[in-house]
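# Remarks on the overall topology
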Amino acid sequence: MDFELNYTLIGERIRAARLKKGYTQENTAERSGISAQHCSGIECGNAKVSLPALVRLCNALDASPDDILMDSINRVTPQLMENVASVFSDCSPDEIFLMLSQADNLKKALRQKRLAQI
């Protein structure tokens, strides 16, 4: 079975967790015991994050590995659906309609692109 992690998405989620806490890269690096340069590389998707570094980053940011790895784990659909429900929770019916239309169009485009690559 071929499997590859999307380090760009992992880095984006680490960055989002860091910003949510109001931490700098330097502060996060210090808290997690990695260099600021490596922290920057991870956030940009230019450096692969090891499992020990991921655990240290999650602890430093008070983030769950599920939150960071959500696109890589098959069983996180309920967590993703909670996120979707949260996004839609304060929307008007018109906003929900437009957002669902965009999501449907995006899904179709992604699947067409995937088929074109086969």
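Residues numbered from 1 in each chain as written. Predicted model: local features only at pLDDT ≥ 70, side-chain atom pairs only at ≥ 80, totals over all residues. Heavy atoms only, no water.

### Structural notes on the confidence of the model for the chain
- For the chain, the mean per-residue pLDDT works out to 88, and 92% of the residues sit at or above 70.
- Mean pLDDT per element in the chain: helix 6 (residues 77–88) is the minimum at 80, and helix 2 (residues 25–32) is the maximum at 96. (pLDDT = per-residue confidence, 0-100. Helix = DSSP H or I, 4+ residues; strand = E, 2+ residues; numbered from the N terminus.)

### Brief notes about helix 4 (residues 51–61)
- By the burial criterion, the buried members of helix 4 are A53, L54, L57, C58, A60 and L61. Summarising the axial view, the buried residues of helix 4 lie within an arc of 165 degrees, below the 170-degree limit, and thus occupy one face. Of the residues in helix 4, the exposed ones pointing more than 90 degrees away from the buried face are L51 and N59.
- On its buried side, helix 4 packs onto helix 1 (7–21), helix 2, helix 3 (36–44) and helix 5 (65–69).
- A distance of 3.2 Å separates the backbone nitrogen of A53 from a side-chain oxygen at the start of helix 4, and that oxygen is part of S50.
- One or two positions beyond helix 4, positive phi appears at D62, with a value near 55 degrees. (Buried < 20%, exposed > 50% of the residue type's maximum accessible area, 1.4 Å probe, protein only. Arc of directions from axis to C-beta. Contact = heavy atoms within 4.5 Å. Polar contact = N/O pair within 3.5 Å; in protein donor to acceptor, adjacent residues only side chain to side chain.)

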